[in-house]
Amino acid sequence: MNTTPRIAIIGAGPGGLTLACVLQANGIDTVVYEREAADAAACQGGSLELHPECGQHALREAGLENEFWARARPTGLDMKILGKDATVQPQDVTPEDDMGWPEMDRSALREILLDPLAPDSVRWSHGLDHAIALESGGHELHFEGGAVETCDLLIGADGTWSRVRPMLTEVTPVYSGISFIELGVPEAHRTQPALATLVGRGSMFALQDDKGLIARRGGDGRLRISIAFRVPENWLTTNGIPYDRPEQARAAILEHFTDWAPQLTDLVRHCDDTIVPRPVYSLPIGTNWPTTPGVTLLGDAAHGMLSSCWGANLAMRDAADLARAVIGAGDDLTGAIAAYEKTMRERAASMARELDGSLAGGTDPHGVRKIGDFFGRMTAPGQRKSGSASSTDGGQPPVTDGGQPPVAAARPTKVDLNLLVPLNALLSERSVTRAAERVSVSQPAMSTALAKLRRHFNDPLLVRAGRAMVLSPLAESLVDPVKELLGGMYEVLDRTDQFDPVTSARTFNLVADDYVTAVMLRPLLSELSELSEVVPGVRISVTGVHSGMFDRLRRGETDLLIWPPNVLSDELTSFSRSDLPPDELVAVVDRGHPDVGRILSLEELGALPHVRIGSQSMPLSGLTFGDCGVSDRTVAVSDTFAGAASMVSGTRMVAVIPRRLFERLGNPMSLRAVPLEPAGELTEAMYWDPRNTADPAHRWLRECIQEMASHL
């Protein structure tokens, strides 16, 4: 392994370890010195979101991408924002199944970064006391335990209170105005299930009246809680809270939250005995220093800011960039470091300015809504939400109690029309995962598109409501215009000569139930067979309903789905639709059934043993008994109407099927139809992907089916 230059990294946080991994993977020896003992360092911190352009990029550079994805937790991104009355506010802007910014416990990240390092390349319990510059350009390192080492390149990755930074600048950290008291509830899912439910799978922010309760669930089930106060710098030492006496400390903390909902303050009542005060400091935005041979900084040591998630992400990106600078430096290491420092400062200053507005003052009781707006705006690249769990690398989540959120970036003067397709998919699917599948892109790519759209519209577009994702009011107003716009665009771009069935050799793939096939499609199939000499190439392929039919329609493997709009309607929102003429629903019984008269009321229907239509995966029962509340006497289940009718023949059971299908089946099966009181009906609708709306062949098929159905 090439040992020139000899590199010493101070600090075994995410940035320092990432730098060592990338350098060692490229044959450059390094030693990492960490003040903490190995067992103490492994217990620090909670969870981190790793962003594609920062943390994930750095892990790819280190060859650790597979190890990362094996342990990442996308669900950790779930967010709840509450008021002090525990009312959940609708500002959760994290897309369902969002894989763009997955979460990982800091302990797991540390394990991933430590595993590939050479033995003994991390020296624990080595706190740097001071360093002396040597005439050769290197440095002599003096550690608190008395050890002395030398290096050619000294890199400070030791956080906001760096021991290396004073060698480059006299700038010191300044108090942010925010102080935290950190608590925890171990194994909350087992010991305090109500609190685990309150927090959810990710993080919870209750922020109001210049203070807040912030909780996040870790991979080990522990709730990591940060109690935030906007207070003077010395408040943590003068507030009278006895941190070393847990029972009294809990009572004293609760005195500050007497008018908060008890389900929130239970986070304090049930915490364990580890209670840690922590004031939050940061470096002035744009901290600078002249490039100095043999020494540089990364992460919070260079630009400590008020965001733990961005602190770790920027540190890892700094590490990847610095490693590449060292690897490609050749004979000009100082010049390579100067280029790295310029890029690193510009990136950090831009992010720090974005985050700076989150600490505006105020005591507006509706501040929780404004912090929600802030998180919504921070989802674009370079503006990702900063409310992560507490960290030991110099940053904490920003707390805003009624202050104005940062001003949203101005809309671009040039509109990226490429965003129309993902916008339509997101509006239709209401899911990042399904939208990505629909347009055949990766989930991170769709997440990036959503971030750009949020930035453009200055609106979250997708918000969480319980476990589902719903559209914001603005997004709802965009659904029809975007469909119409895309339909017109496809009509222009796909315009060809009108479809000629005489010369076409196209096969249309349809999904339909037995009723549609026997009643509605049969005339079309009959006509095509009679005209086979005229239209020899057109074919209709019909597949019965199945659990994967919606996905096949999204992927373009099915041209047309004919399906009742009132069944599994949530699955149908992404498709274009045209209703077909309705049919009356009738009860069918054996012709000799002794207990059924000329008409059946719903109560009488419910008293009879019946055959339910559908299956566990495709619940079609909504077509028949779904609105009647009479599904308690199911004797048999059939996945087709015809199958249900055949089961009824010769028994005392009843089934509900469309009248037109009975007219084809009733006599051969010795059945009779009994009208229902009140009458019911079945409506079927054609569904297709909007991109096929203007396709002449597709339009021909829809018009044929619509025309023949109207004459039934």
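Anyway, here's the lowdown on the structure attached to this text. (Residues numbered from 1 in each chain as written. Predicted model: local features only at pLDDT ≥ 70, side-chain atom pairs only at ≥ 80, totals over all residues. Heavy atoms only, no water.)

The subject of this paragraph is the pairing of strand 13 (residues 203-208). Side-chain positions along a regular strand alternate between the two faces of the sheet. Among the six residues of strand 13, six are classified as buried, and the element is accordingly described as predominantly covered. Neither face of strand 13 is open: one carries Ser203, Phe205 and Leu207, the other Met204, Ala206 and Gln208, and all of them are buried. Linkage of strand 13 to strand 14 (residues 211-217), two consecutive antiparallel strands, is achieved through a turn of two residues, within which Asp209 is found at a positive phi near 60°. (Buried < 20%, exposed > 50% of the residue type's maximum accessible area, 1.4 Å probe, protein only. Helix = DSSP H or I, 4+ residues; strand = E, 2+ residues; numbered from the N terminus. Pairing = 2+ DSSP bridges.)

To continue, consider unusual backbone geometry. Following Glu677, the chain continues into Pro678 via a peptide bond in cis, with omega recorded as 0°. Tracing the backbone through its elements, the reader meets Pro678 in strand 29 (residues 671-682). We note that Asp209 has phi near 60°; this positive angle belongs to a residue other than glycine. Looking at the secondary structure, you find Asp209 in the loop between strand 13 and strand 14. For Asp209, a relative accessible area of 25% puts it in the partly exposed group. Here the phi dihedral of Arg430 falls at roughly 55°; this positive angle occurs in a residue that is not glycine.

Right, let's talk about the sheet that holds strand 20 (residues 507-511) for a bit. Read from one edge to the other, the open sheet built from five strands follows the order 21-20-22-30-23, with strand pairing classed as mixed. Edge positions in the sheet fall to strand 21 (539-543) and strand 23 (576-579), since each has one partner strand and no second. Across the sheet, the axes of successive neighbouring strands diverge by a mean angle of 25°, strand direction being ignored. As paired elements, strand 20 and strand 21 share five bridges and run parallel to each other. Following the sheet pairing, Thr507 is matched in strand 21 by Arg539. Sheet strands in contact with helix 24 (residues 696-710) are strand 20, strand 21, strand 22 (560-563), strand 23 and strand 30 (685-688), and its direction is about 50° off that of strand 20. (Axes fitted to C-alpha atoms, helices over the stretch in contact; angles between N-to-C directions. Contact = heavy atoms within 4.5 Å.)

For helix 10 (residues 262-269), every residue scored as buried is listed here: Leu264, Thr265, Leu267 and Val268. One face of helix 10 carries all of its buried residues, which in axial projection span an arc of 125°. (Arc of directions from axis to C-beta.)

Strand order in the open sheet formed by three strands is 8-9-10, with antiparallel pairing between adjacent strands. Of all strands in the sheet, those with a lone pairing partner are strand 8 (128-133) and strand 10 (148-151), marking the two edges. Strand-to-strand twist of the sheet, defined as the mean angle between neighbouring strand axes without regard to direction, takes the value 25°. Relative to strand 10, strand 9 (residues 139-143) runs antiparallel, the two sharing four bridges.

Any functional reading would require information that these geometric values do not contain.
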